[in-house]
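Inside the fold
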Amino acid sequence: MIRRVLPHGMGRGLLTRRPGTRRGGFSLGVPGRSRCPSPGPPVQPLGLPLAGFRKGCCSHGERRESAEEGAKVSLMSPDQLRNKFPWINTEGVALASYGMEDEGWFDPWCLLQGLRRKVQSLGVLFCQGEVTRFVSSSQRMLTTDDKAVVLKRIHEVHVKMDRSLEYQPVECAIVINAAGAWSAQIAALAGIGEGPPGTLQGTKLPVEPRKRYVYVWHCPQGPGLETPLVADTSGAYFRREGLGSNYLGGRSPTEQEEPDPANLEVDHDFFQDKVWPHLALRVPAFETLKVQSAWAGYYDYNTFDQNGVVGPHPLVVNMYFATGFSGHGLQQAPGVGRAVAEMVLKGRFQTIDLSPFLFTRFYLGEKIQENNII
């Protein structure tokens, strides 16, 4: 399976709500209480995020929901915001939301490697290769309204190994599609989306690679060590990076600004024209910043509603999804991993009800809308 690493370690929990149910949450915790395999991810336990809202945003309702689930969130007026963070220019901000407890960011590569070593110690074998084909059987069934559907079951996966001209056949009972930005290609190999448009058989997995940039800059006159992760009303974000007056941040492009995902070259003009002006407006000290480095990575971007796809496919009955998280996959991975394991072993979600994130929502047109995310 192909997995991608988030370019930044911003914390974001996995929360779901359905009519008549409460939200459910699951996380690895923080050092001292963590269930993360050793060595655990270095967590910077600072407030996260400090987000600004323009007038008319429904932040009071969101704060109420967060408080109901135990999140310690403080809403600040522009004056309160200036008093706590004198380096912020509050122009255009009507309200700010600040997470006061159990918030922060972590090293995503460290967490990924820690999880990888843990499962290897439990006997999991990792093989690097490219999936080229699925071998499956089909069974024709009738629905309750006498419509014919074809159910498929995958029995064998062909994998082309690195530095090899031949494929290796791998027999399987379960296939978990966690291929990130390339998960739609894997789904297509299994025949998903090949039916007539507008039908369940013709519903494709709406996940594609989107390129995102992360920039690191140096600014001795910047906000300093107490800087939280700041999400601006413009979509720009930043946080402190280390202890040497360095900061990390960026901004997601609009649909019109989406870069070509064919390569991972960094567009430095994007920072100059689309990121820096917003940073300097919100934090005047950033007028003098100097970019030190930058890199690009892929989001497994769900074009339908920018939220994850979790659980089984309704027609390819032994393919399960854990993909489409649109930039939040590693943060949600502990909860998603448990949910998929429960679905595989028990046939249902138990710890967290993730049924709103099933594949069938694409066919039904039921979007999972979420406001004010980074």
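Shown above is the structure to which this text applies.
A brief look at the structure comes next.

What counts and what doesn't
Residues numbered from 1 in each chain as written. Predicted model: local features only at pLDDT ≥ 70, side-chain atom pairs only at ≥ 80, totals over all residues. Heavy atoms only, no water. Helix = DSSP H or I, 4+ residues; strand = E, 2+ residues; numbered from the N terminus. Buried < 20%, exposed > 50% of the residue type's maximum accessible area, 1.4 Å probe, protein only. Contact = heavy atoms within 4.5 Å. Areas by Shrake-Rupley, 256 points an atom, 1.4 Å probe, with all protein chains shown as cover. Pairing = 2+ DSSP bridges. Axes fitted to C-alpha atoms, helices over the stretch in contact; angles between N-to-C directions. Salt bridge = Lys/Arg side-chain N within 4 Å of Asp/Glu carboxyl O. Polar contact = N/O pair within 3.5 Å; in protein donor to acceptor, adjacent residues only side chain to side chain. Core = buried A, V, L, I, M, F, W, Y, C linked by side-chain atoms within 4.5 Å. Expected span 1.5 Å × (residues − 1). Bend = angle between axes of the 7 residues up to and from the residue.

Bringing the overall build of the chain into the picture now. A count of helices and strands for the chain gives 7 helices and 16 strands. Scored against the burial criterion, the 374 residues of the chain give a buried share of 43%. Long-range pairs, those at least 24 residues apart, make up 68% of the contacts in the chain with a sequence separation of at least 6. Only carbon and sulfur atoms are counted for the fraction: they give 52% of the accessible area of the chain, which is about 19600 Å².

The next point concerns the sheet that holds strand E8 (residues 167-171). Within the open sheet, the 3 strands sit side by side as E6-E7-E8. Their pairing is antiparallel. A strand with exactly one partner marks an edge of an open sheet, and here the two such strands are strand E6 (129-142) and E8. When the angles between neighbouring strand axes are averaged without regard to direction, this sheet yields 30°. Summarising the sheet, E6 and strand E7 (residues 148-161) pair through 13 bridges and their orientation is antiparallel. From the neighbouring strand, Arg133 faces E7, where its bridge partner is His158.

Enumeration according to the criterion identifies 10 salt bridges in this entry. A salt bridge links Glu258 to Arg210, with the shortest nitrogen-to-oxygen separation between them at 2.8 Å. Of this pair, Glu258 sits in the loop between strand E13 (246-251) and helix H5 (268-282) while Arg210 sits in strand E10 (residues 207-218); the two residues are 48 residues apart in sequence, bridging distant segments of the chain. Across the salt bridge formed by Asp305 and Arg361, the nearest N and O atoms sit 2.8 Å from each other. In this pair, Asp305 sits in the loop between strand E14 (290-302) and strand E15 (309-312) while Arg361 sits in helix H7 (residues 360-364), placing the two residues 56 residues apart along the sequence. By sharing partners, the salt bridges in this structure join Glu208, Arg210, Arg212, Glu255 and Glu258 into a single network.

Turning next to the environment of Asp305. Take Asp305: its relative accessible area is 5%, and that puts it in the buried class. Each C-alpha atom of the pair Asp305 and Gly324 lies 9.4 Å from the other, and the pair is 19 residues apart in sequence. Setting aside its immediate chain neighbours within four residues, Asp305 contacts Arg361, Glu366, Lys367 and Ile368. A distance of 2.8 Å separates the side chain of Asp305 from the side chain of Arg361, its partner in a polar contact. Separated by 2.9 Å, the side chain of Asp305 and the backbone nitrogen of Ile368 make a polar contact.

In this section: the pairing of E7. If you look at the hairpin formed by E6 and E7, you'll find 5 residues sitting between the two strands, and Asp146 has a positive phi there, around 60°. In this structure, E7 lies alongside E8, joined through 5 bridges in antiparallel fashion. For Lys160, the partnering residue across the bridge sits in E8 and is Tyr167. Between the end of E7 and the start of E8, which pair antiparallel, lie 5 residues, with Arg163 showing a positive phi angle near 60°.

Mapping Arg282 onto the fold places it in helix H5. Look at Arg282 and you get buried, because its relative accessible area is 6%. Of the polar contacts made by the side chain of Arg282, one reaches the side chain of Asp232; its length is 2.5 Å. At a separation of 3.5 Å, a polar atom in the side chain of Arg282 contacts the side chain of Thr233. When neighbours within four sequence positions are excluded, Arg282 is seen to be in contact with Trp87, Ile88, Asn89, Thr90, Glu91, Val93, Asp232 and Thr233.

Turning our attention to the nonpolar core. Formed by 26 residues in total, the largest nonpolar core has its most connected members in Trp217, Phe238, Phe271, Leu279, Phe286 and Leu289. Listed by contribution, the elements that provide at least two residues to this core are strand E4 (95-99), E10, strand E12 (236-240) and H5. Those residues in contact with Phe238, other than ones at most four positions away along the chain, are Trp87, Trp217, Pro223, Thr227, Pro228, Leu229, Val230, Leu248, Gly249, Leu279, Val283 and Phe286. Counting 19 residues, the second largest nonpolar core, distinct from the first, contains Ile154, Ile186, Val207 and Phe304.

Another point: H5. The terminal C-alpha atoms of H5 lie 20 Å apart, and with 15 residues this matches the ideal 21 Å at 1.5 Å per residue to within 8%. When the local axis directions of H5 are compared, the greatest deviation, roughly 45°, occurs at Val275, which is followed within four positions by the proline Pro277. Looking at H5, one finds that the buried residues are Phe270, Phe271, Val275, Trp276, Leu279, Ala280 and Arg282. Where the residues of H5 are buried, they touch E10, E12, E13 and E14. Two or three places before Asp269, at the start of H5, stands the capping residue Asp267, its side-chain oxygen 3.0 Å from that residue's backbone nitrogen.

Strand order in the open sheet made by the 3 strands is E9-E16-E15, with mixed pairing throughout. Both outer strands of the open sheet, strand E9 (175-177) and E15, are each paired with one neighbouring strand and no more. Neighbouring strand axes in the sheet, compared pairwise and without regard to direction, differ in orientation by 20° on average. Across 4 bridges, E15 lies against strand E16 (residues 319-323) in antiparallel orientation. Its bridge partner being in E16, Val310 is matched across the sheet by Ala322.

In short, shape yes, function no, at least from these values alone.
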